[in-house]
Every structure is written in C-alpha cells, then in structure tokens.
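# Chains, contacts and geometry: an overview
Residue-level listing of the chains:
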Amino acid sequence: MTDDTVLDIRNLSKAYHVRRGGKNHEVRAVDDISLAVRAGETLGIVGESGCGKSSLARAVMGLTRADGGKVIHDGVDLLTLDRRSLARARLRIRMVFQDPYASLDPRRSVGDSVAEAGDIHGIFESSAERKRLVGEALDRVGLGAGFADRFPHELSGGQRQRVGIARAILPEPELVIADEPVSALDVSIQAQVLNLLAELKNRLGLTLLFISHDLSVVAKISDRVAVLYMGRVVEIAPARPLFSDPRHPYTELLIQAIPRPDPSTRITGAIDPDEPPSRFARLAGCPFRDRCPRRTEICATDAPELREIEPGRFVSCHHA
C-alpha cells in the first residue's frame, strides 16, 4: 500500500455453497485477492464470465458478505462496519451496475433515482439545492436537467446507463466501481459511455475500478489491468505492456481472442478457449495447468504465487 492508495483490498475471499449431483460443493468466486487501487487511475479487472469479477465488486461494496480479508478505505476496513456506517462510506465509493434495465426502480422518476443517496443521508439543504444538484449531475452525463421528471420506461438503454452514472457521481465520490457498464449496450452506444466515463474521471478527479470481460474495452479505458482466473489474480501490469507483451498464458489466450477486423485472422496457440475447468473441482497446483501449453511437472503440484517479475508487473506463473 502506498500513500496514493484509495482502496486497499487484502486477501479478500468469497465462496458460495451449492448442491450439484447430490453433493454439496464450495465454489470460491473470490480466492484470496489482494489489489491496491491508486488515486486518479483506472484499474481494469478482466477475465472470462464466471471468473469472479462481479463477485469481487459486490464483496468490496458489501452487497455480499465476504468470508475473509480486508477492504480498507480512508484507514477503515469496510468489512467491519455496521450497516449504517457502511452506507455512509458508500457516499465516497459508488457503483455503476451492468444492467441499465434492472438497476433503476421503474416506479421512481429519474430525478428521484439520481438523488436517492443524497436523500437517504440528508445531504441536501433544501429542495431547491436537490433540484440543482440533480440537474447538474444529469447535465454532466449529457442528458440535461429536463430528464429528471422522466421514468425509466421512457429511456433507451444508453440513456438509462447515463442515469446510472449520474446517480453514481451524486454526491461526488472518490471512487466509482463500474461493473460491466457497457456489456448490455449496442457497440455504438458503448463507445459513447466509455468516453463519458473517461471524461468524468478527468473532470471530477475520480478513481475508477472498471470491470469487463471485453479486453478491447479494458484496453481503451484502463491505466493498469488485473487479470482474474477462477477467482484469483494471475497478472497485474500497466495496460500498454500487458497488451503488447502478456506474461501469463491465460492473458495471452484472452488477447488472442480479441476480435480482429480481418475475418481471415484466426486464434492460434495450444490453449482451448472453450474448455475452462469445473468450478466445483479444486485441483492441486496451478488452476490453469490443464489449458496451458507451458505446463511442466511442478504445475501439477505447486500453486504459483503472485510475484513481481519487473517493476509494476506481477504474474502468477512458474514459467513467466
């Protein structure tokens, strides 16, 4: 942890217990993850569906109870707070959700949704100030104050997601966690929302934790990138070197799978992208070994630790 750390995630874990095939299983959605989010940066979190990205975000926000670890903000472990104190802390850490259709209450006007956190915590000194601040938030996301009287069913998906972003920046937070914020939108709208997030980050001095399964989106917006596999961080690096020179074989797989404009370009390499291991089986050794072209005998018995292989780059692989 450094002096510019906004959020310090230490050894965070979250498991779900499910019954399958007549047996009880433990699925470790978040498996001993440690990350430091620095002030003013965009830290991208990327990985396949089911790798634990959203579970990580929800555990950080306290929307699901973590099994262990710490989430430290302003010197306080958020996991130790009671409900009221945690709700107050969420004024500084806000979240934009994946589904713009499910994240807004259809019975509430846009203005009421945007003002919800402020209403709960009594931050508005008067109804006139409430109206002004809601209008400013809607202006900032490119909608305009006139949208305050509308309802979600009157809006497109892109407009709803802009409302979600307006709700996240009022009151002005320090950190915004964006959980797959563009995955439910058309490609043309995705670019608009990404540009909006980047603009707001610079204008308001925000720090972003940006979660996506789409590496092309993460590459566009992130300063650093953490790659998750089966609930674990396998590589962390600044975005440019990570995409130009990936060190973990799973990161290589993800980059190979980025769609190319040339239809003749095919995925190469020995990794089968369609066959991840079962989350119900906890294997000894490296969790990626059965898909890895570099595997050796040590990979079957020893789980690699996340280690710094060069300044600012951490990799969990015996052969990085």
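Counting restarts for each chain: residues are numbered from 1 in the order of the written sequence. With the structure being a predicted model, the display of local features is reserved for residues of pLDDT at least 70 and the display and counting of side-chain atom pairs for 80 or more, all residues being used for whole-chain, interface and lining totals. The side-chain quantities take in all heavy atoms of the structure and omit both hydrogens and water.

### Examining the side chain of Ser55
Only DSSP runs of H or I with at least four residues qualify as helices, and only runs of E with at least two residues qualify as strands; both kinds are numbered from the N terminus onward. Secondary-structure assignment places Ser55 in helix 1 (residues 53-61). For Ser55, a relative accessible area of 15% corresponds to the buried category. The contact rule is simple, with two residues in contact once any of their heavy atoms fall within 4.5 Å. Among residues more than four places away in sequence, those in contact with Ser55 are Tyr16, Ala29, Val30 and Thr64. Exposure categories follow from relative accessible area, calculated using a 1.4 Å probe and restricted to protein chains: below 20% of the type maximum is buried, above 50% is exposed, and the middle band is partly exposed.

### Overview of the packing of helix 6 (residues 157-168) against helix 7 (residues 187-204)
For any two helices packed against each other, the geometry comes down to the angle between their axes and how far apart the axes lie. For helices, the axis comes from a line fit to the C-alpha atoms of the stretch in contact; other axes are also lines fit to C-alpha atoms, and the angle between any two N-to-C directions lies between 0 and 180 degrees. Where helix 6 contacts helix 7, the axes come no closer than 10 Å and their chain directions differ by 15°. Between helix 6 and helix 7, the interaxial angle falls into the category roughly parallel. In terms of crossing hand, the pair formed by helix 6 and helix 7 is right-handed. Counting all contacts with helix 6, which are made through Gly158, Arg162 and Ile165, the residues of helix 7 involved are Ile189, Gln192, Val193, Leu196, Leu197 and Leu200. All amino acids are sorted into three groups, where Ala, Val, Leu, Ile, Met, Phe, Trp, Tyr, Cys and Pro are nonpolar, Asp, Glu, Lys and Arg are charged, and the leftover types, Gly among them, are polar. In terms of residue class, the contact of helix 6 with helix 7 is built from 6 nonpolar, 2 polar and 1 charged. To sort the angles, those under 35 degrees are grouped as roughly parallel, those over 145 as roughly antiparallel, those from 65 to 115 as roughly perpendicular, and the leftovers as oblique. Two helices that cross are described as forming a left-handed crossing if the nearer one is turned anticlockwise from the farther one by less than a right angle, and a right-handed crossing if clockwise.

### With respect to the sheet that holds strand 6 (residues 93-96)
The rule for pairing is simple: two strands pair if DSSP sees at least two bridges between them. The strand order across the open sheet built from 8 strands is 6-7-8-3-9-10-12-11, with neighbouring strands paired in mixed fashion. The open sheet terminates on both sides in strands that have one partner only, identified here as strand 6 and strand 11 (307-310). On average, each strand axis in the sheet is inclined to that of its neighbour by 25°, with strand direction left out of account. Sheet analysis places strand 9 (residues 224-229) next to strand 10 (residues 232-238), joined by 6 bridges and oriented antiparallel. Residue pairing for strand 10: Val227 is matched across the bridge by Glu235.

### Overview of helix 6
The span one expects for a helix is its residue count, reduced by one, times 1.5 Å. When the terminal C-alpha atoms of helix 6 are compared, their 17 Å separation across 12 residues agrees well with the 16 Å that a helix rising 1.5 Å per residue should span. Buried residues dominate helix 6, accounting for 11 of its 12 residues. Residues of helix 6 that are buried: Gly157, Gly158, Arg160, Gln161, Arg162, Val163, Gly164, Ile165, Ala166, Arg167 and Ala168. Buried residues belonging to helix 6 abut strand 6, helix 3 (110-114), helix 5 (127-140) and helix 7.

### Some thoughts on the packing of aromatic side chains
Each Phe, Tyr or Trp ring (for Trp, its six-membered ring) is paired with any other whose centre lies within 6.5 Å, and the angle between the two planes then decides the class: stacked below 30 degrees, edge-to-face above 60, tilted in between. Within this structure, the stated rule accounts for 3 aromatic pairs. Measuring from ring centre to ring centre gives 4.6 Å for Tyr229 and Tyr250, while their planes differ by 55°; the resulting arrangement is tilted. Note that Tyr229 is positioned in strand 9 and Tyr250 in helix 10 (residues 249-256), a separation of 21 residues in sequence. The exposure classification of Tyr229 matches that of Tyr250, with both residues buried. Connected via pairs of aromatic rings, a cluster forms that spans Tyr229, Tyr250 and Phe288. Here the basic side chain of Lys14 rests over the ring of Tyr16, its NZ or CZ set 5.1 Å away from the ring centre. Put simply, a charge is over a ring when the Lys NZ or the Arg CZ is close to the ring centre, within 6 Å, and near the line of the ring normal, within 35 degrees. Positioned above the aromatic ring of Phe147 is the side chain of Arg150, whose terminal nitrogen or guanidinium carbon lies 4.0 Å from the ring centre.

### Section: the pattern of salt bridges
Any Lys or Arg side-chain nitrogen found within 4 Å of a carboxyl oxygen on Asp or Glu counts as a salt bridge. Counting across every chain of the model gives 20 salt bridges. As a salt-bridge pair, Arg10 and Asp8 come within 2.6 Å of each other at their nearest N and O atoms. Since its relative accessible area comes to 6%, Asp8 is described here as buried. Of the charged contacts in the structure, one is a salt bridge between Arg203 and Glu199, with a shortest N-O distance of 2.2 Å. Here Arg203 pairs with Glu199, and both are found in helix 7, just 4 residues apart, close to one helical turn. The exposure class of Glu199 is partly exposed, given its relative accessible area of 40%. Shared partners join several salt bridges into a network, and the residues in it are Asp74, Arg92 and Glu174.

### Some points on the sheet that holds strand 2 (residues 23-38)
The strand order across the open sheet built from 4 strands is 2-1-4-5, with neighbouring strands paired in antiparallel fashion. If you trace the sheet from one side to the other, it starts and ends with strand 2 and strand 5 (76-77), each paired once. In this sheet, strand 5 lies alongside strand 4 (residues 68-73) in antiparallel orientation, the contact comprising 2 bridges. Within the sheet, the bridge partner assigned to Ile72 lies in strand 5 and is Asp77. Helix 1 contacts strand 1 (5-20), strand 2 and strand 4 of the sheet and is inclined by roughly 115° relative to strand 1.

All we've got here are geometric facts, nothing functional implied.
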